[in-house]
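Residues per chain are reported as follows:
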Amino acid sequence: MNTQRTYFIFIILQEFGMALTYTSYVPYLRTLGLGPSDVSAVNIGFWIALLGFELPTGVFADRFGRARSVQAGVSILAISALLYATATGFITAMLYEMMFGIGLSFISGALSAWNREAHTRSTEETRKVYLQTVARGAQYRSLASLIGGLTGGAVGMVNERF
């Protein structure tokens, strides 16, 4: 599979998966007994983990490769998402949310850098393909976000614990 197709599939699946939770995130946390300030604290925990691990995960990507960094991030995201479904309150929600932030930090810069490196190794034509890939990727990301958000909203109306 070529780099462009791999990149598109990954960003579509990632964005769709994230968007599934857009409409049910707060109601889900509320079913765990969290109040508005608790929900905010959990969200802040995510951002602290994401930002706090950007540098170490960037070093990991530089040392072990972009693909390994993305693989590690996806693994951590999958585990944290599965565990998040078993959350029972504030502590577990915070823990799994921070784990999710760490997983995302493995992916955030590595995916873009991997795509860029794959398209800048040779000719000017390859650089044009890179720019087209980024533009089309943004379109796919938006569409996946819309479909994921609508799907998550529909499922959330049936089951808040989704």
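Here's a quick rundown of the structure. (Residues numbered from 1 in each chain as written. Predicted model: local features only at pLDDT ≥ 70, side-chain atom pairs only at ≥ 80, totals over all residues. Heavy atoms only, no water.)

## A few points about a nonpolar patch on the surface
And step 1. Taken together, the side chains of Leu143, Leu146, Ile147 and Leu150 make up a nonpolar region of the molecular surface, amounting to roughly 400 Å² of accessible area.
And step 2. Residue classification places Leu150 among the exposed residues on the basis of a relative accessible area of 59%. (Patch = residues over 30% accessible without salt bridge, like charges linked within 9 Å, V, L, I, M, F, W, Y side chains within 5 Å. Areas by Shrake-Rupley, 256 points an atom, 1.4 Å probe, with all protein chains shown as cover. Salt bridge = Lys/Arg side-chain N within 4 Å of Asp/Glu carboxyl O. Buried < 20%, exposed > 50% of the residue type's maximum accessible area, 1.4 Å probe, protein only.)

## Points about the packing of aromatic side chains
The description of an aromatic ring pair rests on the distance of the ring centres and on the angle between the ring planes.
And step 1. Under the criterion given, the structure shown has seven aromatic pairs.
And step 2. Centre to centre, the rings of Phe60 and Phe64 are 4.9 Å apart; their planes meet at 45°, and the pair counts as tilted. A residue pair is termed a helical-turn pair when its members lie 3 or 4 positions apart in one helix, as Phe60 and Phe64 do in helix α4 (residues 54–64) at four residues.
And step 3. Residue class for Phe60 comes out partly exposed when judged on its relative accessible area of 25%.
And step 4. Owing to a relative accessible area of 41%, Phe64 belongs among the partly exposed residues under this scheme.
And step 5. Ring centres 6.5 Å apart and planes at 55° place the aromatic pair Tyr84 and Tyr96 in the tilted group. Taken together, the residues span a long stretch of sequence, with Tyr84 in helix α5 (residues 66–84) and Tyr96 in helix α6 (residues 90–119) at a distance of 12 residues. Of the two residues, Tyr84 and Tyr96, neither departs from the other in class, the shared state being buried. (Phe/Tyr/Trp six-rings, centres within 6.5 Å; stacked < 30°, edge-to-face > 60°. Helix = DSSP H or I, 4+ residues; strand = E, 2+ residues; numbered from the N terminus.)

## Details of the pattern of salt bridges
And step 1. Applying the stated criterion across every chain, the model contains one salt bridge.
And step 2. Note that Asp62 is salt-bridged to Arg66, the shortest N-O span being 2.6 Å.
And step 3. Looking at Arg66, the relative accessible area reads 19%, which means it is buried.

## Side note on the packing of α4 against α5
The relative placement of two packed helices is expressed as an angle between their axes plus a distance between the axes.
And step 1. Where α4 contacts α5, the axes come no closer than 6 Å and their chain directions differ by 135°. Overall, the two elements α4 and α5 adopt an arrangement that is oblique. Contacts from Thr57, Phe60, Ala61, Asp62 and Phe64 in α4 reach Arg66, Arg68, Ser69 and Ala72 in α5.
And step 2. In terms of residue class, the contact of α4 with α5 is made up of four nonpolar, two polar and three charged. (Axes fitted to C-alpha atoms, helices over the stretch in contact; angles between N-to-C directions. Parallel < 35°, antiparallel > 145°, perpendicular 65-115°, else oblique. Contact = heavy atoms within 4.5 Å. Nonpolar A, V, L, I, M, F, W, Y, C, P; charged D, E, K, R; others polar.)

## Structural notes on the layout of surface pockets
And step 1. Computed from the structure, the largest pocket encloses a volume of approximately 880 Å³.
And step 2. Gly17, Met18, Thr21, Ala81 and Phe100 are the residues nearest the centre of the largest pocket, which is lined by 27 residues in total.
And step 3. Elements supplying a minimum of two residues to the lining of the largest pocket: α1 (3–20), α2 (25–31), α3 (36–52), α5 and α6.
And step 4. Take the lining of the largest pocket: its biggest share by element is six residues, from α1.
And step 5. For the lining of the largest pocket, the per-class residue count stands at 20 nonpolar, five polar and two charged.
And step 6. In this structure, the second largest pocket encloses a volume near 190 Å³.
And step 7. What lines the second largest pocket is a set of 11 residues, among which Thr6, Phe10, Val70, Leu111 and Trp114 lie closest to the centre.
And step 8. The set of elements that each furnish at least two residues to the lining of the second largest pocket consists of α1, α5 and α6.
And step 9. The residue inventory of the lining of the second largest pocket, partitioned by class, reads eight nonpolar, two polar and one charged. (1 Å grid on protein atoms, 1.4 Å probe; cavity = no way out; pocket = protein on both sides within 12 Å on 5 of 7 lines; lining within 4 Å. Points joined across faces, edges and corners; volume = space filled by probe spheres on them.)

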